[in-house]
Amino acid sequence: MNREEPSAAVPARDKQAEEDLWQRHKAERGVWTEPMLAALARGLKGNKWFSLIDKVSTDRTLQLAWEKVRKNAGACGVDGITIGRFEQNSQSRLLAVKEHLNKGTYQPKPVKRVWIDKPGSAEKRPLGIPTVTDRVVQAALRMVIEPIFENRFAKHSYGFRPGRGCKDALRRVEELIKSGRPHVVEVDIKGYFDAIPHDRLMALVRKHLADGRVLGLIEGFLKQGVMEDAELAKTMADLPADESQDESHGTPQGGVISPLLANIYLDPLDWLMAGLGFEMVRYADDMVVLCRSQEEAEAALETLRDWMAGAGLTLHPDKTRTVDMTVADSHFDFLGYRFKRSRRGGMIRLVRPKSLCKLRESIKPRTRRNNGKSMEAIVADLNRTLPGWFGYFQHVKASQLGEIDGWIRMRLRSILRKRRGLEGRGRGKDHQRWRNCYFKKLGLFCLLDAREAEIASLRNGVNC
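Let me sum up the structure you'll find in this document. (Residues numbered from 1 in each chain as written. Predicted model: local features only at pLDDT ≥ 70, side-chain atom pairs only at ≥ 80, totals over all residues. Heavy atoms only, no water.)

## Description of helix H2 (residues 34-42)
How we decide: Note on classification: 1.4 Å probe, protein chains only; a residue is buried when its accessible area is under 20% of the maximum for its type, exposed when over 50%, partly exposed between these limits. In DSSP terms, a helix is any run of H or I states spanning at least four residues, a strand is any run of E spanning at least two, and both are numbered starting from the N terminus. As used here, the arc is the angular range of directions from the helix axis to the C-beta atoms.
Within the sequence span of H2, burial applies to Met 36, Leu 37, Ala 39 and Leu 40. Here the buried residues of H2 occupy an arc of 160 degrees about the axis, which is enough to place them on one side. Opposite the buried face of H2, by more than 90 degrees, sit the exposed residues Pro 35, Ala 41 and Arg 42. After H2 finishes, the residue Gly 43 shows a positive phi value of roughly 90 degrees.

## Concerning the layout of surface pockets
We count it as follows: Put plainly, a pocket is an open set of points on a 1 Å grid over the protein atoms alone with protein on both sides within 12 Å along at least five of seven lines, a cavity is a set where a 1.4 Å probe fits but cannot get out, and a lining residue has an atom within 4 Å of a point. Grid points are joined across faces, edges and corners, and a volume is the space filled by probe spheres set on the points. Under the scheme applied here, ten amino acids are nonpolar (Ala, Val, Leu, Ile, Met, Phe, Trp, Tyr, Cys and Pro), four are charged (Asp, Glu, Lys and Arg), and all others, including Gly, are polar.
Considered as a void within the structure, the second largest pocket measures approximately 640 Å³ in volume. Sorting the residues of the lining of the second largest pocket by element identifies helix H4 (59-72), strand E2 (124-129) and helix H7 (132-150) as the ones contributing at least two each. Tallying contributions element by element places H7 first for the lining of the second largest pocket, with six residues. The residue makeup of the lining of the second largest pocket, split by class, is 13 nonpolar, five polar and seven charged.

## Regarding the sheet that holds strand E5 (residues 279-283)
Put simply, the test is: Two strands are counted as paired when DSSP detects at least two bridges linking them. All axes are obtained by fitting lines to C-alpha atoms, using only the stretch in contact for helices, and the reported angles, taken between N-to-C directions, cover 0 to 180 degrees. It only takes one pair of heavy atoms within 4.5 Å for two residues to be counted as in contact.
What the four strands build is an open sheet, ordered E5-E6-E3-E7; its pairing is antiparallel. What marks the edges here is a single partner per strand, and that holds for E5 and strand E7 (321-324). Pairs of neighbouring strands in the sheet enclose a mean axial angle of 20 degrees, with direction left out of account. Here six bridges tie strand E3 (residues 183-188) to strand E6 (residues 286-291), and the two strands are oriented antiparallel to one another. Within E6, the position partnered with Val 184 by the bridge is Leu 290. Sheet strands touched by helix H8 (residues 166-178): E5 and E6. Its angle to E5, the strand with the most contacts, is close to 160 degrees. In the packing of helix H14 (residues 294-310) onto the sheet, contacts are made with E3, E5, E6 and E7, and the angle to E3 comes to roughly 20 degrees.

## Some details on the packing of aromatic side chains
To keep it simple, the criterion reads: Within 6.5 Å between ring centres, the rings of Phe, Tyr and Trp (the latter by its six-membered ring) count as paired, and their orientation is classed by plane angle as stacked under 30 degrees, edge-to-face over 60, tilted in between. The criterion for a charge sitting over a ring is simple: Lys NZ or Arg CZ within 6 Å of the ring centre, and within 35 degrees of the ring normal.
Within this structure, the stated rule accounts for twelve aromatic pairs. Taken together, a centroid distance of 4.9 Å and an interplanar angle of 90 degrees make the contact between Tyr 392 and Phe 393 edge-to-face. Given the relative accessible area of 7%, Phe 393 is considered buried. Put simply, the rings of Tyr 337, Trp 389, Tyr 392 and Phe 393 pair up and form one aromatic cluster. Taking the ring centre of Trp 407 as reference, the NZ or CZ of Arg 360 above it sits at 4.5 Å.

## Topic: the pattern of salt bridges
To keep things clear, this is the line we draw: We define a salt bridge as a side-chain nitrogen of Lys or Arg found within 4 Å of a carboxyl oxygen belonging to Asp or Glu.
One pass over the full model with this rule turns up 22 salt bridges. Note that Lys 98 is salt-bridged to Asp 59, the shortest N-O span being 3.1 Å. With Lys 98 in helix H6 (residues 90-103) and Asp 59 in helix H4, this residue pair connects regions lying 39 residues apart in the sequence. Owing to a relative accessible area of 22%, Lys 98 belongs among the partly exposed residues under this scheme. The shortest N-O distance in the salt bridge between Arg 433 and Asp 430 comes to 2.5 Å. One end of the pair, Arg 433, and the other, Asp 430, are both in helix H19 (residues 430-433), three residues apart, so they sit about a helical turn from each other.

## A short note on the nonpolar core
Which entries qualify depends on this criterion: Among buried residues, the Ala, Val, Leu, Ile, Met, Phe, Trp, Tyr and Cys ones that are joined through side-chain atoms within 4.5 Å form a nonpolar core.
The biggest cluster of nonpolar side chains holds 78 residues, and the ones touching the most others in it are Trp 32, Ile 145, Leu 209, Ile 218 and Leu 313. Counting residues in hydrophobic clusters, the runner-up holds 46 residues, among them Met 325, Phe 339, Ile 363 and Phe 439.

## Overview of the packing of helix H17 (residues 386-393) against helix H18 (residues 398-419)
Applied cut-off: Oblique is the label for every angle not falling under 35 degrees (roughly parallel), over 145 degrees (roughly antiparallel), or within 65 to 115 degrees (roughly perpendicular). Take the far helix as the reference: if the near one is turned anticlockwise from it by less than a right angle, the crossing is left-handed, and if turned clockwise, right-handed.
The N-to-C vectors of H17 and H18 enclose an angle of 165 degrees; their axes lie 13 Å apart at closest approach. Classed by the angle they form, the pair H17 and H18 counts as roughly antiparallel. Judged by the twist between their axes, the crossing of H17 over H18 is right-handed. Across the interface between the two elements, Leu 386, Trp 389, Phe 390 and Phe 393 of H17 pack against Leu 401, Ile 404 and Ile 408 of H18. Per-class residue counts for the contact of H17 with H18 are seven nonpolar, no polar and no charged.

## What about unusual backbone geometry?
Glycine aside, negative phi is the norm for most residues, and most peptide bonds take the trans geometry. A positive phi angle is found at Ser 51, which is not glycine, with a value near 50 degrees. With respect to the helices and strands, Ser 51 occurs in the loop between H2 and helix H3 (53-56). The backbone of Leu 335 shows a phi angle near 55 degrees, a positive value even though the residue is not glycine.

## What about the packing of helix H13 (residues 258-275) against H14?
If you want to describe how two helices pack, look at the angle between their axes and the distance between the axes. Interaxial distance between H13 and H14 falls to 11 Å at its minimum, and their mutual angle equals 150 degrees. If you check the angle between H13 and H14, you find them roughly antiparallel. Considering the relative orientation of H13 and H14, their crossing is right-handed. Two secondary-structure elements touch here, H13 through Tyr 265, Leu 266, Pro 268, Leu 269, Leu 272 and Met 273 and H14 through Ala 300, Thr 303, Leu 304, Trp 307 and Met 308. For the contact of H13 with H14, the residue count by class is ten nonpolar, one polar and no charged.

Here it is, written out as structure tokens:
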């Protein structure tokens, strides 16, 4: 007797629903299994997860972690091993990592600290660069533990979370202002990533993780130490005492695991503010609270001060304030944008001055008047930056995009003037010598044209 075979047109399982299971829990296939996701959904006794190190050290997890690190590229750490060098014998390196993880003998190396400029400021920001090997282990660790915490994070936290980003946070801020919450608490935590107390952070981690080797691994990354570049030794010597390295505080900025740990530490604040009825929007350590009245804003600020003091953190005295957005020309900054009240009573978005300064500092070296490249090559170089910048800042006031376009063309005209033996920057008759259409023919990305094309596309979509 012939057995009836299942129809090829009807799959035995709903593949889409199966895929949605991983997407819903923000988990990586091949790292998290269906039984693990089911346990995550129903909750574990005591809300604690045991025996996770074997998930971190599997061949599949380490290979996925290495692929992510390779894709992100980045500089080498203190051991001098680059991505390319690691790749030459990646399998033997991953095997060695696996053995150390299983034995509990893995020891992170110190991070290499470099100092990067803060746009529009004479200050510098510390960035910690772990070794490639440490980045692989951190990526593997993050893939295993992130869904456990992601499952509990508040919805108004947007920073460094799967499926969420800056644009979602900005959209939520605008929604809240339009819904009648014009009183804003602009919040800045002073040196947040360097100030997180290790003992309090680990106490939060231990609420949900009980694998001793995983906990030891996290503590190892928190306490792995810092090595300065030789040329920065004098810079470090000149730093005030309160900015020196403290092994009991901080998560190095630049580490793969640091953003997750930073979110874990601020998660209790998210739930506190939500429980008290405050509408807070947070992206990592950048946050704003949108309120209906000045009194509510003051109460929110006082709550934040009390919580920060209890958590061992400090609000920046100059950058933390309340803003009444019903007053003409009032403004607050969030995630690169400046939200400003117009004189007509509406709310507009501008590029934050520091973000605008960063763009200008990126373009100036590539558009010096003594630039020896062809104009086509210069334009091609600029076009590697401008479309991506527009993709993020396309919602600013159109006139500001036009001003930036004009400034860029001025710098290009200045190059052309010098090549004709003329001095000074491009101005006056240069606009007739090299009209805007000249740069358009060269293919220069125009921010204002891109904005108009985007609006036209949206209108056509509505008409359809």
